[in-house]
There are 2 protein chains.
Amino acid sequence: MASHRYCVIMCGGVGSRFWPYSRENRPKQFIDFLGTGRSLLQMSYDRILPLVPKENIVVVTNARYAHLIREQLPDIDEHNILLEPARRNTAPCIAWAAYHIAAMDPEASMIVTPSDHLITGESIFADSVARGFDFVETHDALLTLGIKPTRPETGYGYIQIGREETEGILKVKTFTEKPNADLAKVFLDSGEFFWNAGIFLWKASSIIEALHRYDSDLTTLFDRGLGVFGTPGEKEFIEHNFESCPANSIDYAVMEKAENVYVECVNFGWNDLGTWSALYDNSAKNEQANVAGDTRVLAYESTGNIFAAGSEKLVVVHGLNDYIIADTGDVLLVCPKSEEQRIKQMVTDVKLTFGDTYL
Amino acid sequence: MASHRYCVIMCGGVGSRFWPYSRENRPKQFIDFLGTGRSLLQMSYDRILPLVPKENIVVVTNARYAHLIREQLPDIDEHNILLEPARRNTAPCIAWAAYHIAAMDPEASMIVTPSDHLITGESIFADSVARGFDFVETHDALLTLGIKPTRPETGYGYIQIGREETEGILKVKTFTEKPNADLAKVFLDSGEFFWNAGIFLWKASSIIEALHRYDSDLTTLFDRGLGVFGTPGEKEFIEHNFESCPANSIDYAVMEKAENVYVECVNFGWNDLGTWSALYDNSAKNEQANVAGDTRVLAYESTGNIFAAGSEKLVVVHGLNDYIIADTGDVLLVCPKSEEQRIKQMVTDVKLTFGDTYL
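Everything numeric in this text was worked out from a predicted model, so none of it was measured.

Cut-off values and rules
- Residues numbered from 1 in each chain as written.
- Chains lettered and ligands numbered in written order.
- Predicted model: local features only at pLDDT ≥ 70, side-chain atom pairs only at ≥ 80, totals over all residues.
- Heavy atoms only, no water.
- Helix = DSSP H or I, 4+ residues; strand = E, 2+ residues; numbered from the N terminus.
- Rg over C-alpha atoms; globule rule 2.2 N^0.38 Å.
- Buried < 20%, exposed > 50% of the residue type's maximum accessible area, 1.4 Å probe, protein only.
- Axes fitted to C-alpha atoms, helices over the stretch in contact; angles between N-to-C directions.
- Parallel < 35°, antiparallel > 145°, perpendicular 65-115°, else oblique.
- Contact = heavy atoms within 4.5 Å.
- Nonpolar A, V, L, I, M, F, W, Y, C, P; charged D, E, K, R; others polar.
- Salt bridge = Lys/Arg side-chain N within 4 Å of Asp/Glu carboxyl O.
- Pairing = 2+ DSSP bridges.
- Least-squares fit on C-alpha atoms with pLDDT ≥ 70 in both.
- Expected span 1.5 Å × (residues − 1).
- Phe/Tyr/Trp six-rings, centres within 6.5 Å; stacked < 30°, edge-to-face > 60°.
- Lys NZ or Arg CZ within 6 Å of the ring centre and 35° of its normal.
- Buried area = accessible area lost by both parts, 1.4 Å probe.
- Polar contact = N/O pair within 3.5 Å; in protein donor to acceptor, adjacent residues only side chain to side chain.
- Lys, Arg positive; Asp, Glu negative; His and termini not counted.

A. Structural context of the overall build of chain A. Counting its secondary structure elements, chain A contains 11 helices and 16 strands. In summary, chain A has a C-alpha radius of gyration of 21 Å against a globular reference of 21 Å for 359 residues, a match within 12%. For the C-alpha atoms alone, the extent of chain A along its principal axes is close to 60 × 45 × 35 Å. A burial count over chain A gives 59% of its 359 residues as buried.

Given below as structure tokens:
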């Protein structure tokens with residue numbers, strides 16, 4: 001059975017909220033973000049490798065990152081690197097991967113995972129994924145992983161659970177957007193809400209069927225390519241057609257609409273590393289409540305900061321509280337954590353003022 | 001007459017208050033501090049070159065900076081580079097230079113100048129120096145330049161003037177240390193006090209005579225070398241004896257004690273660039289009241305800061321007011337201007353924690 005199991009690692013994002021650490025030419029997932037010696041993408045690959053045959057791991061990314069995939073994952077077969085000619089969010093990405101895999105193996109089941117999240121507790125992860133595969137292989141189900149929440153986080157989407165289908169796997173009642181603080185507290189206390197991790201399992205045939213039902217524009221386009229997926233003609237077909245796909249998320253296109261949506265409630269450590277604050281909140285702090293990672297820091301009357309400046313640089317600060325201090329050699333950012341939602345605007349300003357040099 | 005005029009440029013300082021921009025292996029005076037393309041030392045040299053024959057310019061520095069002198073002032077004759085084997089403050093430095101110059105030219109007059117100050121208004125400077133030379137060449141006088149104060153600066157020493165000896169040149173009544181803010185205001189309003197710029201003029205014979213009278217320990221030591229100054233034996237003599245000199249400033253050793261001390265009241269722009277705040281106060285500010293020099297800065301809700309990160313780096317800050325942001329590639333310092341007196345301690349802490357790497 002295992003040989004019908006596939007993995008799709010999505011790694012086309014730009015991670016602009018982590019600028020300047022995450023850059024257009026080397027986004028967050030390609031960076032050794034935690035100073036472990038492995039990039040987030042490599043950690044995602046390492047995590048999935050015991051669960052799926054190596055030759056069944058497919059990476060989808062933007063064409064401009066092809067060289068980074070080859071550099072960081074040299075074991076991935078060229079045939080398994082799907083290069084998107086344009087950014088179109090997750091629905092087109094997943095659709096293509098599903099058509100590609102189904103063409104090679106009509107019985108395929110697959111896990112779809114982001115490449116830039118942090119997961120701890122790998123054996124729990126492995127057990128959860130195995131159970132998820134078992135479920136989707138025996139049900140026409142679209143399964144998403146729901147993380148048991150540990151705090152009233154307002155930065156995540158939540159999944160409300162319904163009736164239990166089998167142990168640990170329940171019908172989804174609703175998906176909800178990021179709640180405000182009060183609502184997040186209610187969600188946490190209720191025990192009925194789980195974090196939406198954006199990790200999905202299904203049979204390739206199940207997701208293709210659901211896409212036909214709920215996003216037929218997309219499948220009309222991809223159906224024109226039936227016969228070329230998995231062949232040398234696939235690349236040309238994609239280059240001519242992919243840009244026509246409307247940008248859309250798989251959540252919006254399918255998960256929030258379909259009837260056969262399930263959630264597996266899991267308990268491994270997870271963080272989407274979506275913001276500097278999230279990284280701060282989930283990182284080890286020193287005695288001054290600063291997160292320094294592998295950066296050498298001397299902090300005077302400074303607390304609650306997160307430093308990211310690589311392992312060689314010395315950072316000396318005085319009188320900074322709750323700041324992001326990120327240095328990448330050519331760019332330095334000093335910004336309060338509370339203002340981090342403005343980083344995207346800053347990146348836009350940088351582009352307007354200085355062109356592409358610092359993006 | 002001009003050929004008896006000499007200049008001594010003192011450039012052995014370490015400039016630790018400007019760490020990390022000023023480093024042990026390349027202190028402030030060797031840095032293109034203002035982004036003009038010339039270091040402060042080179043600017044000092046350029047300024048004096050029209051006033052003194054090139055072959056009469058002597059540079060005194062620490063032995064470890066010999067290569068920097070040769071690199072930055074390639075026109076200086078090797079014979080005119082005096083390399084101190086140890087740091088002993090200004091009195092031994094000036095004593096050696098005076099003995100060295102007197103040995104070559106018993107009729108020498110000399111200007112002694114720091115290498116790390118900022119002077120604007122070069123033609124006023126030139127006129128002032130010429131007048132000073134004229135005076136000391138015709139009087140047995142120790143002359144210091146007093147800058148007409150423009151603000152109640154608490155960071156400088158002041159000179160109180162006495163009776164006028166000749167136009168613009170007056171007897172010194174007292175030297176005073178850095179005053180508090182109230183006193184500085186009184187000094188400024190009185191019109192009787194001038195900033196002590198640490199720029200001196202005298203005949204070599206006059207300062208040697210004064211040293212004999214007020215610091216005979218020093219002259220006893222240097223008198224043992226009479227006959228070797230200006231000869232190939234000078235280097236060895238210094239290497240064996242210089243370290244025995246007690247560290248002392250020329251102000252304390254001579255100027256505050258001697259009777260024949262005069263001040264020339266001058267009016268050129270001057271800043272000792274002693275602190276980041278001083279540099280901030282005396283630099284051009286942008287519309288956000290930030291001093292950015294040649295650093296590329298995007299500042300959001302940030303004012304009153306001074307940035308020094310070179311011309312290539314982009315610095316983006318949010319919510320920083322009245323800070324020093326100094327980046328030198330391997331070191332980043334972010335410190336309120338009001339806490340800059342702690343930088344020396346920080347440098348000590350850096351040494352204790354990380355060794356000499358970042359000094």
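Here the narrative resumes.
B. Inspection of the packing of helix α6 (residues 204–214) of chain B against helix α7 (residues 216–223) of chain B at higher detail. Residue and element names in this part refer to chain B. Packing of α6 against α7 leaves a shortest axis separation of 6 Å and a crossing angle of 120°. Considering the angle they form, α6 stands oblique to α7. On α7, the residues that touch I208, L211, H212 and Y214 of α6 are S216, L218, T219 and D223. Broken down by class, the residue content of the contact of α6 with α7 amounts to four nonpolar, three polar and one charged.

C. Seen up close, the pattern of salt bridges. Going through the model one piece at a time under the given rule, you end up with 41 salt bridges over all chains. With a closest N to O distance of 2.7 Å, D327 of chain B and K313 of chain A form a salt bridge. Of the two residues, D327 of chain B is situated in strand β15 (residues 323–327) and K313 of chain A in the loop between β13 (306–308) and β14 (314–318); the pairing between them involves two chains. K313 of chain A shares its class with D327 of chain B; the two are buried. Taken together, the salt bridges that share partners define one network made up of K313 and D327 of chain A together with K313 and D327 of chain B.

D. The arrangement of the sheet that holds strand β16 (residues 331–336) of chain A in detail. The strand order across the open sheet built from five strands is β13(A)-β15(A)-β16(A)-β14(B)-β12(B), with neighbouring strands paired in mixed fashion. Whereas interior strands pair on both sides, the edge strands pair on one side only; in this sheet they are β13 of chain A together with β12 (296–300) of chain B. Strand-to-strand twist of the sheet, defined as the mean angle between neighbouring strand axes without regard to direction, takes the value 5°. Inspection of the sheet shows β12 of chain B paired to strand β14 (residues 314–318) of chain B by five bridges, in the parallel sense. Within β14 of chain B, the position partnered with V297 of chain B by the bridge is V315 of chain B. Together, β15 (323–327) and β16 of chain A together with β12 and β14 of chain B form the strand contacts of helix α11 (residues 343–354) of chain A, whose direction differs from that of β12 of chain B by roughly 140°.

E. Up close: the relation of the copies chain B and chain A. Relative to chain A, chain B is turned by 180° and slid 0.0 Å along the rotation axis, the superposed coordinates differing by an RMSD of 0.0 Å. Viewed as a symmetry operation, the transformation between the two copies matches a two-fold axis. Of the C-alpha atoms belonging to chain B, the one lying closest to the rotation axis is found on G329 of chain B, 3.2 Å away. Looking at the interface residues of chain B, 97% of them are also at the interface in chain A, so both copies use one shared face.

F. Quick peek at helix α4 (residues 122–138) of chain A. Under the 1.5 Å per step criterion, the end-to-end length of α4 of chain A is 24 Å for 17 residues, consistent within 8% with the ideal 24 Å. What α4 of chain A keeps buried is the set F125, A126, S128, V129, G132, F133, F135, V136 and E137 of chain A.

G. Just the environment of L143 of chain A, in detail. All names here are of chain A. Within the fold, L143 resides in strand β6 (residues 142–147). On the basis of relative accessibility, which here comes to 0%, the residue L143 falls in the buried class. Sequence spacing of L143 and K344 is 201 residues, and the spatial spacing of their C-alpha atoms is 32 Å. Once residues within four sequence positions are removed from consideration, L143 is found in contact with G132, F135, V136, I169, I199, F200, L201, W202, Y262, V263 and E264.

H. A look at the packing of aromatic side chains. Residue and element names in this part refer to chain B. Scanning all chains against the criterion turns up 34 aromatic pairs over all chains. The positively charged end of R47 is found above the aromatic ring belonging to F125, 5.6 Å away from the centroid. The side chain of K337 reaches across the aromatic face of Y280, ending 3.2 Å from its centre.

I. Region of interest: the sheet that holds strand β12 (residues 296–300) of chain A. With respect to topology, five strands assemble into an open sheet ordered β12(A)-β14(A)-β16(B)-β15(B)-β13(B), the strand pairing being mixed. Each edge of the open sheet carries a strand with a single partner, namely β12 of chain A together with β13 (306–308) of chain B. Averaged over neighbouring strand pairs, the angle between their axes works out to 5° when direction is ignored. Packed onto the sheet, helix α11 (residues 343–354) of chain B meets β12 and β14 of chain A together with β15 and β16 (331–336) of chain B and runs at close to 140° relative to β12 of chain A.

J. Main features of the interface of chain B and chain A. With 34 residues of chain B in contact, the opposing surface of chain A contributes 33 residues. Where chain B abuts chain A, roughly 2900 Å² becomes buried across the two surfaces, and 60% of that area is made up of carbon and sulfur atoms. Broken down residue by residue, the surface that chain B buries against chain A is led by L314, H318 and L332 of chain B, which jointly contribute 23%. There are four salt bridges connecting chain B and chain A. Taken together, the links from chain B to chain A amount to 26 residue pairs in polar contact (both at pLDDT 80 or more).

K. View of the side chain of D215 of chain A. All names here are of chain A. Looking at where D215 falls in the secondary structure, it is placed in the loop between α6 (204–214) and α7 (216–223). Buried charged residue D215 carries no salt bridge. Nearest counter-charge: K257, at 7.0 Å. With residues up to four places along the chain from it excluded, the contact list for D215 reads A210, N248 and A253.

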